[in-house]
Amino acid sequence: MDTMNDEFYMSLALDMAERAQGQTGINPVVGCVVVKDGAMIGLGTHLQRGTGHAEVHALNMAAGKAQGSTAYVTLEPCSHYGKTPPCSQRLIDEGVARVVVACEDPNPQVAGRGIAMLREQGIEVEVGLLSSRAQRLNEKFIKYILTKQPFVTLKSASTLDGKLATRTGDSKWISNGQAREIVHTLRHRHQGIMVGVNTVIADNPSLTTRMDVPGLNPVRIVIDSMLRIPLDSAVVSDGEAPTIVVTTESADPVKRAALLGAGVQIVVSGTGPRVDLKAAMRALGELEIGSILLEGGGTLNGAMLESGLVDRVILFFAPKIVGGGAAAPGTFDFAGVELMKSAITLVGLEVELLGDNVCISGTPIR
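Calculation notes
Along every chain, residues carry numbers that run from 1 in the direction the sequence is written. In keeping with the model being predicted, local features are shown solely for residues with a pLDDT of at least 70 and side-chain atom pairs are shown and tallied solely at 80 or more, while totals for entire chains, interfaces and linings include all residues. Each side-chain value is worked out from all heavy atoms of the structure, with water and hydrogens disregarded. Going along the chain from the N terminus, every DSSP run of H or I of four or more residues is numbered as a helix, and every run of E of two or more is numbered as a strand. For a compact globule the rule gives 2.2 Å times the number of residues to the power 0.38, and the radius of gyration it is set against comes from C-alpha atoms. The buried label goes to any residue with under 20% of its type's maximum accessible area, the exposed label to any with over 50%, and the partly exposed label to all in between, with areas taken from a 1.4 Å probe on protein chains only. In what follows, a contact means two residues having at least one pair of non-hydrogen atoms within 4.5 Å. In this description, accessible areas are obtained by the Shrake-Rupley approach with a 1.4 Å probe, and a residue is regarded as covered only by the protein chains that are shown. When charges are counted, Lys and Arg contribute as positive and Asp and Glu as negative, whereas His and the chain ends are disregarded. A single reference atom marks each charge: NZ on Lys, CZ on Arg, CG on Asp, CD on Glu. Put simply, a nonpolar core is a bunch of buried Ala, Val, Leu, Ile, Met, Phe, Trp, Tyr and Cys residues held in one set by side-chain atoms that sit within 4.5 Å of each other. In a helix, the anticipated span is given by 1.5 Å times the number of residues less one. Directions pointing from the helix axis toward each C-beta atom define the arc. By the criterion applied in these results, polar contacts are pairs of N or O atoms within 3.5 Å in which, for protein atoms, one can donate a hydrogen and the other can accept it, and in which residues neighboring in sequence qualify only through two side-chain atoms. Note on ring pairs: Phe, Tyr and Trp rings are taken, using the six-membered ring of Trp, and paired if centres are within 6.5 Å. Classes follow the plane angle, with under 30 degrees stacked, over 60 edge-to-face and the rest tilted. For a lysine, the NZ atom is tested; for an arginine, the CZ atom; a charge sits over a ring if that atom is within 6 Å of the ring centre and within 35 degrees of the ring normal.

Topic: the overall build of the protein chain
Part 1 of the argument: Within the protein chain one finds 12 helices and 14 strands.
Part 2 of the argument: Taking 2.2 N^0.38 as the reference for a compact globule, 366 residues should give roughly 21 Å; the C-alpha atoms of the protein chain span a radius of gyration of 23 Å, in line with that estimate.
Part 3 of the argument: Along the longest, intermediate and shortest principal axes, the C-alpha atoms of the protein chain span 70 × 45 × 40 Å.
Part 4 of the argument: A total of 366 residues make up the protein chain; the buried ones form 48% of that total.
Part 5 of the argument: Residue pairs in contact within the protein chain that sit at least 24 positions apart in sequence constitute 69% of those at least 6 positions apart.
Part 6 of the argument: For the protein chain, the accessible surface area stands at approximately 17200 Å², while carbon and sulfur atoms represent 52% of it.
Part 7 of the argument: A distance of 4 Å separates the average location of the 33 positive side-chain charges in the protein chain from that of its 38 negative side-chain charges.

Focus on the nonpolar core
Within soluble globular proteins, side chains that are nonpolar tend to cluster in buried spots.
Part 1 of the argument: Core analysis: the largest hydrophobic core is formed by 39 residues, its most contacted members being Ala71 and Val99.
Part 2 of the argument: A per-element tally of this core places helix α1 (residues 6-19) first, with 6 residues.
Part 3 of the argument: Setting aside anything within four residues of it in sequence, one finds Val99 in contact with Ala71, Val73, Leu91, Leu118, Ile123, Glu124, Val125 and Glu126.
Part 4 of the argument: Core analysis: the next-biggest nonpolar cluster, separate from the first, contains 25 residues, Ala283, Ile292, Met304 and Val313 among them.

A look at α1
Part 1 of the argument: Here α1 is 14 residues long and its end C-alpha atoms lie 20 Å apart, about the 20 Å a rise of 1.5 Å per residue gives.
Part 2 of the argument: Considered for burial, the residues of α1 that qualify are Tyr9, Met10, Ala13, Leu14, Met16 and Ala17. Down the axis, α1 shows its buried residues gathered within 160° of arc, on one side only.
Part 3 of the argument: Residues of α1 that are buried make contact with β1 (31-36), β2 (39-45), β3 (70-73), β4 (98-101) and α5 (131-137).
Part 4 of the argument: Put simply, Asn5 is the residue that caps the front of α1, since its side-chain oxygen is 3.1 Å from the backbone nitrogen of Glu7.

A closer look at the packing of aromatic side chains
Part 1 of the argument: Counting across every chain of the model gives 2 aromatic pairs.
Part 2 of the argument: With centroids separated by 5.2 Å and ring planes inclined at 85°, the aromatic side chains of Phe8 and Tyr9 adopt a geometry described as edge-to-face.
Part 3 of the argument: A relative accessible area of 25% places Phe8 in the partly exposed class.
Part 4 of the argument: An aromatic cluster of at least three residues, connected via ring pairs, comprises Phe8, Tyr9 and Tyr72.
Part 5 of the argument: Of note, Lys172 hangs over the ring of Trp173, and the distance from its end group to the ring centre comes to 5.3 Å.

Comments concerning the environment of Ile244
Part 1 of the argument: Take Ile244: it is sitting in strand β9 (residues 243-247).
Part 2 of the argument: According to the relative accessible area criterion, Ile244 is buried, its value standing at 4%.
Part 3 of the argument: Sequence separation between Ile244 and Leu160 is 84 residues; the distance between their C-alpha atoms is 33 Å.
Part 4 of the argument: Discounting residues that sit within four places of it in the chain, Ile244 has contacts with Val219, Arg220, Ile221, Val222, Gln265, Val267, Leu284, Leu287 and Ile289.

Listed below in structure tokens is the structure:
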């Protein structure tokens, strides 16, 4: 049985925030619990960009009874007027006596100002409870707000010998149903999904979110230096979600016009023959795409990883061995390192067993 203390209430606030992942765009996910005289009187979660923040929802539920209460908030309350009024002022106006904050807001417009504002009004503020979990929960927001570039999660499913398909190109299915369900949840939780044009040509994927309940479809992003994408491919023609094709100045202008006519957005990144991936990430960030799920083949995976553009790696392994040498595509295809000490290493490892599949995730470092 859980002990009811500060950690109990903050954990609840974090649980609520976690459930809203994917809904808030480039905004953070935030949870808030208001407690008075040993009872919860308000619960709130930030649900959508431009709407009320978690503190507002929780205080609205408290219905004027928050005088002398404690508010548990997963991210520092804002202190500025953005799309909504400052939450710090609302906490002050409602007479909250104590605020427990999991972590400071990295947004330069906040960055400690909200906490200082509360303390100046005599409110007791404690910072740092379950901070690691809170920061991990908003790792996409933190990356975007500090760099204006999307947080990239590389996801791949492979055999034990690291193959994405057999030597004939057959890849259905490598992973099991449990792994595929998680992948669709990941799609729901990212603003964009990225593949290379070879994946579109070979598999004609829809790149949409398909779960037992309706989910959010990410923006579909295709890296295609010479605009080889077929006009009748699903991502161009099905209308299920917006599609962005990232190409180069060398691409065929006639094909470009045809794609624009089909409703596809074109981003030009580099002169050719290959897309400048670093410039592409900057351009996608300017379009307010704050997170991307990379489901590429070996070439795109390797290029993104080698360029230092991948923030998290999630690898699903199935208990299968297919061989096939170079004819069977692998998870990562790049020049590689000469010495083992120079290998890209995953840190902060998490390992999960999904039936007969294994999921290994972590942060890549050089």
